[in-house]
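Each chain, letter by letter, is given below.
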Amino acid sequence: MKQSPFRFARAASLSLSLAALSIMLSLGACGGGAPKPFPVPAAEADLPPANTAAIRRVVLVHPPSKEKVDVIYWHDGAYDAHAMAEVAHILRDRHTGEAHDIDPALMDFISGVILRSGLPSTTQVDILSGYRSPETNAALVKVNRNAARESFHMQGRAADIRIPALKGDAITEIAKTMQRGGAAFYDGSGHTHVDTGPVRTWATYSTR
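Residues numbered from 1 in each chain as written. Predicted model: local features only at pLDDT ≥ 70, side-chain atom pairs only at ≥ 80, totals over all residues. Heavy atoms only, no water.

(A) Molecular detail of the environment of Ala175. Here Ala175 lies in helix H5 (residues 168-178). Residue Ala175 is classed as buried on the basis of its relative accessible area, which comes to 1%. It is 9.9 Å that separates the C-alpha atoms of Ala175 and Asp195, two residues lying 20 residues apart in sequence. When sequence neighbours within four positions are dropped, the list of residues in contact with Ala175 reads Phe109, Val113, Ala183 and Val194. (Helix = DSSP H or I, 4+ residues; strand = E, 2+ residues; numbered from the N terminus. Buried < 20%, exposed > 50% of the residue type's maximum accessible area, 1.4 Å probe, protein only. Contact = heavy atoms within 4.5 Å.)

See the structure below:
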């Protein structure tokens, strides 16, 4: 598995950010467009704080397989490449087995939801869907009206999650207040979609 180090500057060109935002907004609710560099993490106020010894941790579980990853993915001022490789493995496409680099800001988003809820960083997050290959996404679009043709799942920038310690709609509302990307609740399956695309939400359709 590819293990590229993840280090990001804390400032980005405003003009480039605005241009990328404009393009992605034009693609629709769950659209992603062409792959783009991972975004600069949002304000530190929304991230696991310094009072946790300047570390960021996630506990991810794939319920069908019982597979679990418990990693400190950020420490000493940088993202840990080995930890992010473990994250990429558990978020792999479950139909093809293909893994893809995962945007570290997506983990910041998920761990930020845990932080804002007042739960400890050891709180379990169930992963229903992470990375999707173009082939898997295309097949899903044919059978599920909620699936987007240009999904951020295909860029390693989205996850469908449940947090057993929280109600699904509560997870979504917390995610929305963070203003860090897309968030929507799917009541048919009781999961929340989060991504590191433009700040937005959208209507979903019951598949029950």
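The rest of the description comes next.
(B) View of helix H4 (residues 134-143). When H4 is considered as a whole, its buried residues turn out to be Thr136, Asn137 and Val141. When H4 is viewed along its axis, its buried side chains cluster within an angular range of 140° and face the same direction. Turned more than 90 degrees away from the buried face of H4, the exposed residues are Glu135, Lys142 and Val143. (Arc of directions from axis to C-beta.)

(C) Up close: the pattern of salt bridges. Tallied over the entire structure, the rule returns eight salt bridges. A salt bridge links Arg132 to Asp160, with the shortest nitrogen-to-oxygen separation between them at 3.2 Å. Taken together, the residues Arg132 in the loop between strand E4 (124-129) and H4 and Asp160 in strand E5 (residues 158-162) connect sequence positions 28 residues apart. The pair formed by Arg132 and Asp160 is uniform in burial state, with each residue classed as buried. Look at the salt bridges and you will find they share partners, linking Glu67, Arg92 and Arg94 into a network. (Salt bridge = Lys/Arg side-chain N within 4 Å of Asp/Glu carboxyl O.)

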